[in-house]
Amino acid sequence: MAGPKTFYLTTPIYYVNDVPHIGHAYTTLACDVLARFMRLDGYDVKFLTGTDEHGQKVEKSAQNAGIEPQAFTDRVSQNFRDLVSLMNYSNDDFIRTTEPRHVASVQALWKVLEEKGEIYLGSYAGWYSVRDEAFYGEDELTTNPAGKKIAPTGAECEWVEEPSYFFKLSAWQDRLIAFYEANPDFIAPAGKRNEVMSFVKSGLKDLSVSRTTFKWGIPVPGNDEHIMYVWLDALANYITAVGYPNTEGDFAKYWPADLHMVGKDILRFHTVYWPAFLMAADLPPPKRVFAHGWWTIEGQKMSKSLGNVIAPESLVTTYGLDQTRYFLLREVPFGNDGDFSHKQMVARINGNLANDYGNLVQRVLSMIGKNCGGAVPTPGPFTEADDALLGAAHNLLDVVRVEIRAQAFHKALDAIWAVVGDGNRYVDEQAPWTLKKTDPARMATVLYVLAETIRHLAILTQPIMPDASAKILDQLAQGPDARGFGNLGPAGALVAGTPLPTSQGVFPRFVEEPKA
RNA sequence: GGCAGCGUAGCUCAGUGGUAGAGCAGGGGAAUCAUAAUCCCUUGGUCGGGGGUUCAAAUCCCUCCGCUGCUACCA
């Protein structure tokens, strides 16, 4: 069982019919930061994202576009692959549910469930909305003047009866509760755990897991009249990507997943249906599911009708990539809903990045460039103040690790910025510009301590801001092999006399364009 | 309706029994290495209303008001 520690984390697979927006970018960003962190911390990481490409809506959209569904999904799934490069995500795989490996995986899972007697053929009847791809209860519907039943979403419903396979979800209620109780960290944040548990305790009905009303899906093995329910299809992507139905190799290495990151709207699928499917197939459930919140835009709900949906590309163009990545994870306690506003974004860019972090780096590297011959200065004996600052820097990984592993990205950043503040205070207290005249040797020590502190900060901000952190490490002449967490601490300390490149700003201030 | 949660400084929030806190914003000062960036000091709250328990309550209990989430097949 030796070998590197592994960490497998996933985003939801995104429905190709959607246009990528800030919400998609946010989910994958959180995973990306976690994945980068774990890699730097020495883990063998597998980070998966992808697209969900089946379902009636895709079938219709393809029809409207006058092309085959596969050609349609080939085209629109590209939007999400473009998002990967735009946002600088480091995913190790990108899965599409239309790939042969996935079809084989889902059909194999189906067969296992069927063999184990967890699936049976029955029939489903109810009020169905094509637009919503959903059934509604009688009590949820209203009747319009034309006599049509209308769903709460405003969509028209029709009475549908169809044969359907069912998954015996009702049999899993007690085992799910037992699982939640044995694994208190399975559902996060904690408040969501209570919601899921009360839902399960209120009683579970068997789940319809096939459809006959449309064709664009994975056929049920042995009965081509049926295609599989979208969620059985979609959720299984997490095991497809590690090689299922082959349970050796990557599956043995990475499964169960360490984390499924999801938006709060799809929590139930991941914390009720998915563990039930897996346990029914004798496979272990994932270790944790985290449901994050939604963004509002300038205080308003994001919606197509309001026309305020933010494209990730416009954020990156306007504010910069690393600035955007930083803002999304710093502004809001991860798990809560948050508000995106231009004012707050600018406040973060100018306050935290340009003034606090960027300026600390710049003032220190500039002084080293001008006063130390453009090389890492030679330190003398350390004072109490030196040890205090270095100690804070050395200690930072332990603090940040705890927060990141709990998906408390905002707290991790708070901790890093506390040391940024310590650094700026230390500069003012030590006043190296005065030491330059009175005690040049002491000045060299002070600047060395600062450079070493900045090295720690830059290594630790890599997961959040890969490009900017790399630029800082470049300016400290730290090569690719010197950037892992193993290089933190005195063992990886800067070597006096190492030549340094000319310094340059990393986080420019955001200056408002004059209004026309 | 039922269940759960929230309501603390202008803003965003931390604090769950022992003399009200942070960041930002506002005010004053210092410094001048730096992206006019930094540092120090400071104004500001009857902790949603009312009642109760306690030597002591933002923190526990009751009640009222306001807001939010969940209450099954809606990526």
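So, here's what we can say about the structure. None of the values given here were measured: they were computed from a predicted structure. Each residue is numbered by its place in its chain's sequence as written, counting from 1. Whichever chain is written first is A, and whichever ligand is written first is 1; the rest continue in order. Local features in this predicted model are restricted to residues whose pLDDT is 70 or higher, and side-chain atom pairs enter the listing and the counts only when it is 80 or higher, whereas totals over whole chains, interfaces and linings include all residues. The basis for the side-chain values is all heavy atoms of the structure; hydrogens and waters are excluded.

A word on the packing of helix α11 (residues 312-319) against helix α12 (residues 321-330)
Keep this limit in mind: Working convention: axes come from line fits to C-alpha atoms, limited for helices to the stretch in contact. Angles between N-to-C directions cover 0 to 180 degrees. Put simply, DSSP marks the helices as runs of H or I at least four residues long and the strands as runs of E at least two long, and each gets a number from the N terminus on. Orientation is classified from the angle alone, with under 35 degrees giving roughly parallel, over 145 giving roughly antiparallel, 65 to 115 giving roughly perpendicular, and any other angle giving oblique. Here is the rule for handedness: rotate from the far helix to the near one, and if that takes an anticlockwise turn smaller than a right angle the crossing is left-handed, while a clockwise turn gives right-handed. Residue contacts are counted whenever heavy atoms from the two residues lie within 4.5 Å of one another. Think of it as three bins: nonpolar holds Ala, Val, Leu, Ile, Met, Phe, Trp, Tyr, Cys and Pro, charged holds Asp, Glu, Lys and Arg, and polar takes everything else, Gly as well.
Contact pair α11 / α12: the axes reach a minimum separation of 7 Å and the direction vectors enclose 115 degrees. If you check the angle between α11 and α12, you find them roughly perpendicular. Two packed elements cross with a definite hand, and for α11 against α12 that hand is right-handed. Contact residues: α11 offers Leu315, Val316 and Tyr319, while α12 offers Leu321, Gln323 and Thr324. Partitioned by chemical class, the residues of the contact of α11 with α12 number four nonpolar, two polar and no charged.

Topic: the pattern of salt bridges
To keep things clear, this is the line we draw: Put simply, a salt bridge is a Lys or Arg side-chain nitrogen that is within 4 Å of an Asp or Glu carboxyl oxygen. When a residue's accessible area, from a 1.4 Å probe over protein chains only, is under 20% of the maximum for its type it is buried; when over 50% it is exposed; and in between it is partly exposed.
What the rule picks out here adds up to 21 salt bridges. With a closest N to O distance of 2.9 Å, Arg101 and Asp93 form a salt bridge. Ionic pairing is found between Asp414 and Arg330, a salt bridge with its closest N-O pair at 3.0 Å. Taken together, the positions of Asp414 in helix α15 (residues 409-430) and Arg330 in helix α12 put the pair 84 residues apart, joining distant regions of the chain. For Asp414, a relative accessible area of 39% gives the class partly exposed. One connected set of salt bridges, linked through shared partners, spans Lys46, Asp93, Glu99 and Arg101.

A look at the protein's contact with RNA strand B
Basically, it comes down to this: The rule for a residue being near a molecule or strand is that one of its heavy atoms must lie within 4 Å of it. We call two N or O atoms a polar contact when they sit within 3.5 Å, provided that within protein one can donate a hydrogen and the other can accept it, with sequence-adjacent residues counted only if both atoms are side-chain atoms.
Taken together, 42 residues sit near RNA strand B, with Lys57, Tyr124, Lys205, Tyr229 and Arg268 positioned nearest. Sugar and phosphate atoms constitute 64% of the interface atoms of RNA strand B, taking the interface as everything within 4 Å of the protein. Here a phosphate oxygen of RNA strand B sits 3.1 Å away from a polar atom, N or O, in the side chain of Trp231. One nitrogen or oxygen atom from the main chain of Gly358 is found 3.4 Å from a base oxygen belonging to RNA strand B. Every element with two or more residues in the surface near RNA strand B is listed here: β5 (134-136), α6 (190-201), β10 (207-208), α10 (267-280), α13 (342-371) and α15. The biggest single contributor to the surface near RNA strand B is α13, with 10 residues. Taken together, the residues of the surface near RNA strand B sort by class into 18 nonpolar, nine polar and 15 charged.

Focus: the environment of Leu204
Relative to the elements of secondary structure, Leu204 occurs in the loop between α6 and β10. Given a relative accessible area of 10%, Leu204 falls into the buried group. Distance from Leu204 to Met465, taken between C-alpha atoms, is 44 Å for residues 261 residues apart in sequence. Apart from residues no more than four positions distant in its own chain, Leu204 is found in contact with Leu169, Ser170, Gln173, Leu176, Phe199 and Val272.

Description of the sheet that holds strand β12 (residues 219-220)
Paired through their backbone hydrogen bonds, the strands of a sheet run either parallel or antiparallel. Note the cut-off: Here, a strand pair is defined by DSSP locating no fewer than two bridges between the strands.
The strand order β11-β13-β12 describes an open sheet built from three strands, whose pairing is antiparallel. Strand pairing shows two members of the sheet lacking a second neighbour, β11 (210-211) and β12, which therefore form its edges. Relative to strand β13 (residues 223-228), β11 is paired through two bridges, and the arrangement is antiparallel. Along β13, the bridge assignment pairs Ser210 with Met228. Sheet strands touched by helix α4 (residues 100-115): β11, β12 and β13. Its angle to β13, the strand with the most contacts, is close to 105 degrees.

Keep in mind these values describe shape, not function.
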